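# Residue-level structure breakdown
Here is what each chain is made of, one letter per residue.
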Amino acid sequence: MNCIVAADKNWGIGRKNQLLVSIPADMRFFRDQTVGKVVVMGRNTLESFPGGKPLKNRTNIVVTRDPSYQVPDAIVVHSVEEAAQQVLNCRTEDVYIIGGASIYEQFLPYCDVAYVTKINMTYEADTFFPNLDKLPEWELVSESEEQTYYDIEYCFTRYEKRPEAAKN
């Protein structure tokens, strides 16, 4: 599985159920990576999308503890295990964990690749992604050249779980 996220210098990813910043190239990268694939998210992430609707041209899996929660054009599950059952027949490289914070935290042990758009700024965040630079099982394997959007500097990075960590 993969996870995909945009994070600031402190690994902040959101505030009040919204992204910290919207960078068109990051949105394009997200779309290019996930179209035609499976995206797994929490209910709050889904509800932060325009109209609270699932993403088009993807299989949307929404994890929620609410047993009565339903949403058209999405598969609703109530646990990590249920979500794992839903993606059992998918190629792992076609599954993307897209947030929020607790979903990232719960699914990170199952992920082999993390696409992180690193934003070289610090925002007032209330949700965070685990700092992969401090997790010994993760390794930064590629980093784009620095890019800018107005005064925001950012780069696209790819982390991979170290082979010895993936076996455990």
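Everything numeric here is computed off the predicted structure, so don't read it as measured data. Residue positions are counted from 1 within each chain, in the order its sequence is given. Given that the model is predicted, a residue must reach a pLDDT of at least 70 before its local features are reported, and side-chain atom pairs must reach 80 or more before they are shown or counted; all residues, however, enter totals for whole chains, interfaces and linings. Excluding hydrogens and water, the side-chain values take into account all heavy atoms of the structure.

Within this document, salt bridges are pairs made up of a side-chain nitrogen of Lys or Arg and a carboxyl oxygen of Asp or Glu, the two lying within 4 Å of each other. Evaluated as defined, the whole model comprises 7 salt bridges. We note a salt bridge from Arg15 to Glu124, for which the minimum N-O separation is 2.9 Å. Taken together, the positions of Arg15 in strand 2 (residues 12–15) and Glu124 in the loop between strand 8 (113–119) and strand 9 (127–128) put the pair 109 residues apart, joining distant regions of the chain. It is possible to trace a salt-bridge network through shared partners that takes in Arg91, Glu93 and Asp94. Helix and strand labels come from DSSP, where a helix needs a run of H or I of at least four residues and a strand needs a run of E of at least two; each type is numbered from the N terminus.

Classification of ring pairs rests on two measures: the distance between centres of Phe, Tyr or Trp rings, Trp counted by its six-membered ring, which must be within 6.5 Å, and the angle between planes, read as stacked under 30 degrees, edge-to-face over 60 and tilted in between. Under the defined criterion, the tally for this structure stands at 9 aromatic pairs. Note on Phe29 and Phe156: the rings are 5.0 Å apart at their centroids and 35° apart in plane angle, and the pair reads as tilted. A residue pair is termed long-range when its members are at least 10 positions apart, and Phe29 in helix 1 (residues 24–34) and Phe156 in strand 12 (residues 152–161) qualify at 127 residues. Relative to Phe129, the ring of Tyr104 lies with its centre 4.8 Å away and its plane at 75°, an arrangement referred to as edge-to-face.

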